[in-house]
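# Architecture and fold: a report
Next come the chains, spelled out residue by residue.
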Amino acid sequence: MLLSIKNLQAAVEDKQILKGINLQVNAGEVHAIMGPNGSGKSSLASVLAGRENYEVTGGEVLFDGKDLLELSPEDRAREGLFLAFQYPVEIPGVSNINFLRTALNEIRAYHNQPPLEAKEFLKLTRENQKLVEFDAKLTNRSLNEGFSGGEKKRNEIFQLAMLNPKLSILDETDSGLDIDALRIVANGVNKLRSEKNAFIVITHYQRLLEYIVPDFVHVLYDGRIVKSGTKELALELEEKGYDWIKEPVTSESI
Amino acid sequence: MANKSDDILEEYSSKEYEFGFVTDIEMEIAPKGLSEETIHYISAKKQEPQWLLDWRLKGYHSFLKAEDPHWQNFELPKVDFQGISYYAAPKSRAKYKSIDEVDPELIATFEKLGIPLSEQKVLAGVAVDAVFDSVSVATTFKETLKEHGIIFCSVSEAVQEHPELVQKYLGSVVPHSDNIYASLNSAVFSDGSFVYIPKGVRCPMELSTYFRINTENTGQFERTLIIADEGSYVSYLEGCTAPKRDENQLHAAVVELIALENAEIKYSTVQNWYPGDKEGNGGIYNFVTKRGVCRGANAKISWTQVETGSAITWKYPSVILQGDHSTGEFYSVAVTKGKQIADTGTKMFHIGKNTKSRIISKGISAGEGQNSYRGLVQVGSKAENARNFTQCDSLLIGNRCGAHTFPYIESKNNTATIEHEATTSKIGEDQIFYLNQRGIDTEKAVALIVNGYAKEVLNQLPMEFAVEAQKLLSISLEGSVG
Ligand SMILES: Nc1ncnc2c1ncn2[C@@H]1O[C@H](COP(=O)(O)OP(=O)(O)O)[C@@H](O)[C@H]1O
Ligand SMILES: [Mg+2]
């Protein structure tokens, strides 16, 4: 099993946000997490990635056999956990390409691999640019600086392709994308899918799941996964909204 | 995890200054104290002509009359001028004909600092003048430069060999009465670099001076004089370090630049004097007067500085834009951490018509560092169509440091265009987390962010030094995330 979350609880500023999350993800699987605004989807992603302002108040997470919660954020990344941010930050003056090279070589160093030679790195860059249809001009610009919302999201997918993680968490990567951009992003993800890696796709809309077809769909509400199913669940949610989910706040039966 | 940043801070405070070693070499040191006698002593040691002794004495009298500045926004420590020795030179030195005669200990010192002086190892494309305490110990590539008619030597040597040039230009930009530290420098300056680029010559290599304070209780008072004759070009770089000592040491240099018609001078500084320990003990007082004049039409002077060291840095490299269509530039990155103070900026005096100036200042404060930008843009009544652009950014790391800006504008001509932009930002947790999430640790993340922030200035440095400066910035800020 790649990821095993048991009864995960977390708080921000003494406010309990995650109230006992259980989730198992195997290599080769795509899980979708849906749920209304404020239900804790981004919080779950942040806690998994190791954001400092979340305090884990209970539960455990195993990632590829290791205790994830013991690792620093950078070590989680180096172990192969990737978060495509809902709101990617801008870092002025730092070129996208220089940043990626640093990141890639840091990850390699962690696995006792030598830095990638400039030539190989450029080759990899070109291949991945093509794979996820990322504009070469953006590669040389400052990291996300002045990028449009869509360009930032596509940059996340480009980085994902470059770093080749075991588990990718996509936090509302589809929001703010027009249909063409959405298709490009989904195509990228589909090309990167393999038996060795897994994806958790956080989304608001069923729309994305027409392109990235999930193996499982989970509904997060008020810090808990209140319903799990297959891709048909997404359609049902699209039709009925979230209200019917909210009614019986179920116990930890899942 | 809340304590993580504290740990890093702790680690950072104990970070050693890399260049804090002392060279053990026999020195000839003047007795402590300042009087007319001291000045006679220095002048005699250097076998100077009468006019120079007279000029030094005038400087001394200006110094006696001058008062400490009082406008700064930090507490100026009392400097005990009688507790300083004003001359220190390696004893072995007679006069070096070639690098082979230089004490191997000195060569080793500079090599340790990354400044190879021996002919086999010299930096390609860079001529270096190395100044150890009060004297210049070696200048590389002299012969090559001579072929172009370029003079690059120590000021002492220039006084002997080219007295007419020195007499004509010394004190012509920074008079001996300019300010208390410039007066002191005029009285006791020991050595420094002299550069003359003849008409129409483009200096084929970077010129560089490396200053090292070694001896205890000495001050370093170097004087640099650069003259670019009509239509010539030169790029010059200075670097500096000092051993770790518990006492503060005074560094009061004067730099004068003269660019004649169509000439261009690019002057870069990478300042890494010992900053003192984490409690603020020791460190260099870096009180420096740097000024250039664009004397002829279309002349250009560009200052670039990367300031990471010193307990207190206090300097305003300035340009007097006298010639019509002349240009002045100031690019600065100043880092303060621990208890460091930097009060730095520039003055641009627009006198000629259509003169232009550009000021890019990037302050970075960490720890309890205080960083001030202080600048003056002055437009005279005859400076038709003068233009200035000022951008002044501050970056804060942690919440115990401070950034301040004091931009002054005085315009007597309503055709002038003056633009000022200022920003203050904090290195965001978001930015660091984003980089962490890509496998980059916090140290490296800060280094990336800071170098990105300072890029516009670093890009101005000669290529040979840009990489060094980037490293220096990263090292200076190691562990300073709070
Ligand atoms: N830094 C924070 N401080 C206080 N509350 C927060 C913080 N971050 C998130 N929250 C709260 O946590 C809850 C879950 O938010 P979030 O995980 O962003 O939800 P979602 O991604 O599902 O829309 C919300 O009530 C939100 O206000
Ligand atoms: Mg969210």
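Sequence order as written defines residue numbering, which begins from 1 separately in each chain. All chains are assigned letters beginning with A, and all ligands numbers beginning with 1, in the order in which they are written. Residues qualify for local features only when their pLDDT is at least 70, as the model is predicted, and side-chain atom pairs are given and counted only at 80 or more; totals for whole chains, interfaces and linings, by contrast, use all residues. Just so you know, side-chain values use all the structure's heavy atoms and leave hydrogens and water out.

Attention shifts here to the overall build of chain A. Each helix and strand in chain A was counted, giving 10 helices and 12 strands. What the globule rule says is 2.2 Å times the number of residues to the power 0.38, and the radius of gyration is computed from C-alpha atoms. Relative to its length of 254 residues, chain A is compact, with a C-alpha radius of gyration of 18 Å against a globular reference of 18 Å. With respect to the three principal axes, the spread of C-alpha positions in chain A is 55 × 40 × 35 Å. The buried share of chain A, taken over its 254 residues, is 55%. The contacts in chain A between residues at least 6 apart in sequence include a share of 69% that link residues at least 24 apart. Accessible surface computed for chain A: about 11,300 Å², of which carbon and sulfur atoms make up 47%. For the purposes of this entry, the term helix denotes a DSSP run of H or I that reaches at least four residues, the term strand denotes a run of E that reaches at least two, and both are numbered from the N terminus. Using a 1.4 Å probe on the protein chains alone, a residue whose accessible area is under 20% of its type maximum counts as buried, one over 50% counts as exposed, and one in between counts as partly exposed. Throughout, a contact is declared for two residues whenever any of their heavy atoms are within 4.5 Å. Note on areas: Shrake-Rupley with a 1.4 Å probe; residue coverage comes only from the protein chains shown.

Before going further, it helps to spend a moment on the overall build of chain B. Check the secondary structure of chain B and you find 12 helices and 24 strands. In chain B, 84% of the contacts between residues at least 6 apart in sequence involve partners at least 24 apart. Accessible surface, chain B as shown: approximately 18,400 Å² in total, 48% of it carbon and sulfur.

Each salt bridge in this description consists of a side-chain nitrogen of Lys or Arg and a carboxyl oxygen of Asp or Glu lying within 4 Å of one another. Under the counting rule described, the total for this entry stands at 25 salt bridges over all chains. When the shortest N-O distance is used, the salt bridge between R438 of chain B and E156 of chain A registers 2.6 Å. Here E156 of chain A lies in helix α6 (residues 149–163) and R438 of chain B lies in the loop between α9 (429–436) and α10 (442–453), a pairing that spans two chains. For the salt bridge of E307 of chain B with K315 of chain B, the shortest nitrogen-to-oxygen distance reads 2.6 Å. For the pair E307 of chain B and K315 of chain B, a shared accessibility class is recorded, and that class is buried.

Let us look at helix α3 (residues 50–65) of chain B. All names here are of chain B. In this scheme, a helix's expected span is set at 1.5 Å multiplied by one less than its residue total. The end-to-end C-alpha distance of α3, which contains 16 residues, comes to 23 Å, matching closely the 22 Å that a straight helix rising 1.5 Å per residue would cover. Among the residues making up α3, those that are buried are L52, L53, W55, R56, L57, G59, Y60, S62 and F63. Looking at the buried side of α3, the elements it contacts are α2 (36–45), α6 (155–161), α8 (180–188) and β8 (223–228).

On to the packing of α3 of chain B against α8 of chain B. Residues and elements named next belong to chain B. For helices, the fitted axis covers only the stretch in contact; all axes are lines through C-alpha atoms, and the angles between them, taken along N-to-C directions, range from 0 to 180 degrees. At a minimum axis distance of 7 Å, the contact between α3 and α8 shows a crossing angle of 150 degrees. When the axis of α3 is compared with that of α8, the two are roughly antiparallel. Helix-helix and strand crossings are classified by hand; for α3 and α8 the assignment is left-handed. Across the interface between the two elements, W55, R56, G59, Y60, S62 and F63 of α3 pack against I180, S183, L184, S186, A187 and V188 of α8. Three classes are used, and their members are as follows: Ala, Val, Leu, Ile, Met, Phe, Trp, Tyr, Cys and Pro are nonpolar, Asp, Glu, Lys and Arg are charged, and the others, Gly among them, are polar. Class assignment for the residues of the contact of α3 with α8 results in seven nonpolar, four polar and one charged. Here the word oblique covers every angle except those under 35 degrees (roughly parallel), over 145 (roughly antiparallel) and from 65 to 115 (roughly perpendicular). Handedness of a helix crossing follows the sense of rotation of the near helix relative to the far helix, less than a right angle counterclockwise being left-handed and clockwise being right-handed.

Moving on, we get to the coordination of the magnesium ion (ligand 2). All names here are of chain A. Summarising the metal site, the magnesium ion (ligand 2) is bound by the protein donors S42 (OG) and Q86 (OE1), whose distances to it range over 2.1 to 2.4 Å. Of this pair, S42 sits in helix α1 (residues 41–49) while Q86 is found in the loop between β6 (81–84) and β7 (91–95), placing the two residues 44 residues apart along the sequence. Under the relative-accessibility criterion, S42 is labelled partly exposed at 26%. Shown as donors are all N, O and S atoms within 2.8 Å of a metal ion, widened to 3.2 Å for Na, K and Ca; because water is not in the atom set, sites may appear incomplete.

Attention now goes to the site of ligand 1. All names here are of chain A. Looking at ligand 1, there are 14 residues lining it, with I17, G38, K41, S42 and S43 nearest. N or O atoms closer than or at 3.5 Å make up a polar contact, with two conditions inside protein: a donor-capable atom paired with an acceptor-capable one, and, for residues adjacent in sequence, both atoms drawn from side chains. The backbone of G38 places a nitrogen or oxygen atom 2.8 Å from an oxygen atom of ligand 1. S42 places a polar main-chain atom, nitrogen or oxygen, 2.8 Å from an oxygen atom of ligand 1. Contributing elements (two or more residues each) for the shell around ligand 1: β2 (15–25) and α1. Counting residues per element, the shell around ligand 1 draws most heavily on α1, which supplies three residues. Residue composition of the shell around ligand 1, by class: four nonpolar, seven polar and three charged. The near set for a molecule or strand comprises every residue that places at least one heavy atom within 4 Å of it.

The next point concerns the pairing of strand β17 (residues 327–336) of chain B. Where burial is concerned, most of β17 of chain B is hidden: 10 out of the 10 residues are buried. Along β17 of chain B, one buried face is formed by T327, E329, Y331, V333 and V335 of chain B and the opposite face, lined by G328, F330, S332, A334 and T336 of chain B, is buried too.

Here we come to the environment of Y316 of chain B. Residue and element names in this part refer to chain B. Inspection of the secondary structure puts Y316 in the loop between β15 (312–315) and β16 (318–321). Residues Y316 and G428, 112 residues apart in the sequence, show an inter-C-alpha distance of 30 Å. The residues contacting Y316, other than those within four sequence positions of it, are W71, V288, K290, D343, T344, G345, T346 and R374. A distance of 2.4 Å separates the side chain of Y316 from the side chain of D343, its partner in a polar contact.

Our next topic: the packing of α2 of chain B against α3 of chain B. Residue and element names in this part refer to chain B. One way to put it is that α2 packs onto α3 with a least axis distance of 10 Å and a crossing angle of 150 degrees. Compared by their axis directions, α2 and α3 come out roughly antiparallel. As α2 packs across α3, the resulting crossing turns out to be right-handed. Residue-level contacts link E36, I39, H40, I42 and S43 of α2 to L53, R56, L57, Y60 and H61 of α3. Among the residues making up the contact of α2 with α3, the classes are represented as five nonpolar, three polar and two charged.

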